[in-house]
Amino acid sequence: MPTDTTAIKIRVPLKHRLDSLKIHPRESYTDVIERLVEMAVDDEPLSDATIKAIEESLEDIKAGRLYTLEQVMAELKDE
């Protein structure tokens, strides 16, 4: 375990939420927070192709070229 540490103040309700996220009761808050940060931060940037696909999808949505869940379910049911 690293020896470099710091103390932080958090509100009691947040501490309770961190407690509820522990994988096991003895898991450290450092481990819990590190796991949450790893889940929240994506170090891999989006590719140009992905960005273009997202932009095209947004244009489709703005233009009304989309299907509702009900339409998709009906289409799948017919197949």
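For the structure itself, consult the block above.
What counts as what
- Residues numbered from 1 in each chain as written.
- Predicted model: local features only at pLDDT ≥ 70, side-chain atom pairs only at ≥ 80, totals over all residues.
- Heavy atoms only, no water.
- Phe/Tyr/Trp six-rings, centres within 6.5 Å; stacked < 30°, edge-to-face > 60°.
- Lys NZ or Arg CZ within 6 Å of the ring centre and 35° of its normal.
- Helix = DSSP H or I, 4+ residues; strand = E, 2+ residues; numbered from the N terminus.
- Buried < 20%, exposed > 50% of the residue type's maximum accessible area, 1.4 Å probe, protein only.
- Contact = heavy atoms within 4.5 Å.
- Salt bridge = Lys/Arg side-chain N within 4 Å of Asp/Glu carboxyl O.
- Patch = residues over 30% accessible without salt bridge, like charges linked within 9 Å, V, L, I, M, F, W, Y side chains within 5 Å.
- Areas by Shrake-Rupley, 256 points an atom, 1.4 Å probe, with all protein chains shown as cover.
- Lys, Arg positive; Asp, Glu negative; His and termini not counted.
- Charge placed at Lys NZ, Arg CZ, Asp CG, Glu CD.
- Axes fitted to C-alpha atoms, helices over the stretch in contact; angles between N-to-C directions.
- Parallel < 35°, antiparallel > 145°, perpendicular 65-115°, else oblique.

Caption draft 1: Up close: the packing of aromatic side chains. Throughout the structure, instances matching the rule amount to zero aromatic pairs. Between the NZ or CZ atom of K22 and the centre of the ring of Y29, over which it lies, the distance is 4.2 Å.

Caption draft 2: How the structure looks around the side chain of E27. Relative to the assigned elements, E27 resides in the loop between α1 (12-20) and α2 (29-40). The buried category is assigned to E27, whose relative accessible area is 7%. E27 has contacts with L21, K22, V32 and R35, leaving out every residue within four places of it along the chain.

Caption draft 3: View of the environment of E38. With respect to the helices and strands, the residue E38 is situated in helix α2. In this structure, the C-alpha to C-alpha distance between E38 and A53, residues 15 residues apart in sequence, is 26 Å.

Caption draft 4: Main features of the environment of T68. Structurally, T68 can be placed in the loop between α3 (48-62) and α4 (69-78). Through-space distance from the C-alpha of T68 to that of E55 is 20 Å; in sequence the pair is 13 residues apart.

Caption draft 5: Structural view of the pattern of salt bridges. Considering all chains together, one arrives at four salt bridges under this definition. Ionic pairing is found between D19 and K15, a salt bridge with its closest N-O pair at 3.1 Å. Here K15 and D19 lie together in helix α1, a separation of four residues that amounts to about one turn. Ionic pairing is found between D60 and R65, a salt bridge with its closest N-O pair at 2.8 Å.

Caption draft 6: The arrangement of a negative patch on the surface in detail. There is a patch of like negative charges on the surface, built from D31, E34, E38, D42, D43 and E44. In this structure, E34 sits in helix α2. Looking at E34, the relative accessible area reads 47%, which means it is partly exposed.

Caption draft 7: Fine view of the packing of α1 against α2. Direction vectors running N to C along α1 and α2 enclose 85 degrees, while the axes themselves pass 10 Å from each other. Put simply, α1 runs roughly perpendicular to α2. Contacts between α1 and α2 involve K15, L18 and D19 on the former and, on the latter, Y29, V32, I33 and L36.

Caption draft 8: Seen up close, the side chain of K22. Within the secondary structure, K22 sits in the loop between α1 and α2. Lacking a salt bridge, the buried K22 has D19 as its closest oppositely charged neighbour, with an N-O distance of 4.2 Å. Beyond its immediate chain neighbours, meaning those up to four positions away, K22 contacts E27, Y29, V32 and R35.

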